[in-house]
Amino acid sequence: MQYENTPVSQNIEDRRGQGGGGGMMGGGGLGIVGIIAVFAISYFTGINPAVLMGGAEMASRYMNQGGQTQPASTGAAVDPNDPTRKFLAHVMGTTEAVWTSVLPQQTGLEYTPATLVIYDGATRSGCGGAQAAMGPFYCPIDKKVYLDTSFFRDMTTKYGGGGDFAYAYVVAHEIGHHVQDLLGILDKADAAKQRSSQTQANAISVRIELQADCLAGVWAANANQKWQILEQGDVEKALATAQAIGDDRLQTAARGYAVPDSFTHGSSAQRAKWLTTGLKSGQISSCDTFSQ
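On a predicted model such as this, the values are computed, not experimentally measured, just so you know.

Reading guide: rules and limits
Residues numbered from 1 in each chain as written. Predicted model: local features only at pLDDT ≥ 70, side-chain atom pairs only at ≥ 80, totals over all residues. Heavy atoms only, no water. Disulfide = S-S within 2.5 Å. Helix = DSSP H or I, 4+ residues; strand = E, 2+ residues; numbered from the N terminus. Buried < 20%, exposed > 50% of the residue type's maximum accessible area, 1.4 Å probe, protein only. Phe/Tyr/Trp six-rings, centres within 6.5 Å; stacked < 30°, edge-to-face > 60°. 1 Å grid on protein atoms, 1.4 Å probe; cavity = no way out; pocket = protein on both sides within 12 Å on 5 of 7 lines; lining within 4 Å. Points joined across faces, edges and corners; volume = space filled by probe spheres on them. Nonpolar A, V, L, I, M, F, W, Y, C, P; charged D, E, K, R; others polar. Salt bridge = Lys/Arg side-chain N within 4 Å of Asp/Glu carboxyl O. Core = buried A, V, L, I, M, F, W, Y, C linked by side-chain atoms within 4.5 Å. Contact = heavy atoms within 4.5 Å.

(A) A look at the state of the cysteines. In the structure shown here, the tally under the stated rule is two disulfides. Covalent S-S linkage joins C127 and C139, the inter-sulfur distance amounting to 2.1 Å. Taking the sign of the S-S torsion, 90 degrees for the link of C127 and C139, the bridge is right-handed. Residue C127 is located in the loop between β3 (122-125) and β4 (128-131), and its partner C139 is located in strand β5 (residues 137-139); the two are separated by 12 residues in the primary sequence. Of the two residues, C127 and C139, both sit in the buried class. A disulfide bridge connects C214 with C287, and the sulfur atoms are separated by 2.1 Å. Negative torsions about the S-S bond denote left-handed disulfides, and the value of about -75 degrees found for C214 with C287 makes this one left-handed.

(B) Representation of the packing of aromatic side chains. Inspection of every chain in the model, using the stated rule, returns four aromatic pairs. A centroid spacing of 5.3 Å and a plane angle of 20 degrees characterise the contact between F137 and Y146, whose relative ring orientation is stacked. Ring centres of F165 and W219 lie 6.0 Å apart, and the angle between their planes is 15 degrees; on these two criteria the pair is classed as stacked. Of this pair, F165 sits in helix α6 (residues 164-182) while W219 sits in helix α8 (residues 198-227); the two residues are 54 residues apart in sequence, bridging distant segments of the chain. The same class applies to F165 and to W219, which are both buried.

(C) Up close: the layout of surface pockets. Taken as a whole, the second largest pocket encloses approximately 150 Å³ of empty space. The wall of the second largest pocket is formed by L183, I185, Q211, L215, I284, S285, C287, D288 and F290. Within the lining of the second largest pocket, the residues separate by chemical class into six nonpolar, two polar and one charged.

(D) Quick look at the pattern of salt bridges. Under the definition given, this model contains seven salt bridges. Between K144 and E13 there is a salt bridge, with the nearest N and O atoms lying 2.9 Å from each other. Taken together, the residues span a long stretch of sequence, with K144 in strand β6 (residues 144-148) and E13 in strand β1 (residues 12-14) at a distance of 131 residues. Judged by its relative accessible area of 19%, K144 falls in the buried class. Since its relative accessible area comes to 26%, E13 is described here as partly exposed.

(E) Layout of the nonpolar core. Of all hydrophobic cores here, the largest spans 59 residues; its most connected members are M1, W99 and W219. If one sorts the elements of this core by residue count, α8 sits on top with 12 residues. Setting aside anything within four residues of it in sequence, one finds W99 in contact with P104, Y111, I175, V179, L215, V218, W219 and I284. By size, the runner-up hydrophobic cluster in this structure holds eight residues, among which are V117, C127, F137 and Y146.

Purely geometric numbers; function is a separate question.
Written as structure tokens, this is what we have:
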């Protein structure tokens, strides 16, 4: 991935080397086993655990009951020239430039940038505690994406082989959730899930995740048109990552079989399909996962 000539975002909050605020919001009736399951799903897929446990409404209740976000304690200074930070600043810069242009053109809405929080081990978010085992996620309460950078190492060893564009795809997927938030899609989906059976709620979650994959593709298409970021093999690596975190593959690896009714993020084929759809079209309108 060629990114050196792309914009650099200032919306990076680097908490690495700082003390983490552990702990997670109360999980209602889930119990400890359910909370662990939510963490496992989040680790592989990148959706905010608060949304998985009932969405933004539950996170709001948590905040109102005293679970305020606490600033991390001061730790070792972080080098602003750190290669990972510089790479992520460029990725975020491209998402901001693309969506600032594309969102008004295609929807009439203005784009408000999210903030990327990078940390190691644990930190606090507006949706409760963030821990490395939860993987990347978007919190709709504070409009921030949380990423423990060790996830990139895990991608290299576990989830499709990694690579710069695959790493960027992960960030772009989370920014896709931010775009959904700005469009009001997350709130509508959460309300629909509250009225649905568990199977129906799972199906809604799948559509949300697949749409975020498609929106990541829309970002990539427009970024490549403007800055020629894609190199040979980049798309294949990103597709390999999308396939590696499909529910069917994860469930089969974990227990030897898959249960489609329990999918919350889509199969390997679905994730690859929708990422490709966004890449080919560059249009938000192509990402209507709810009617297909």
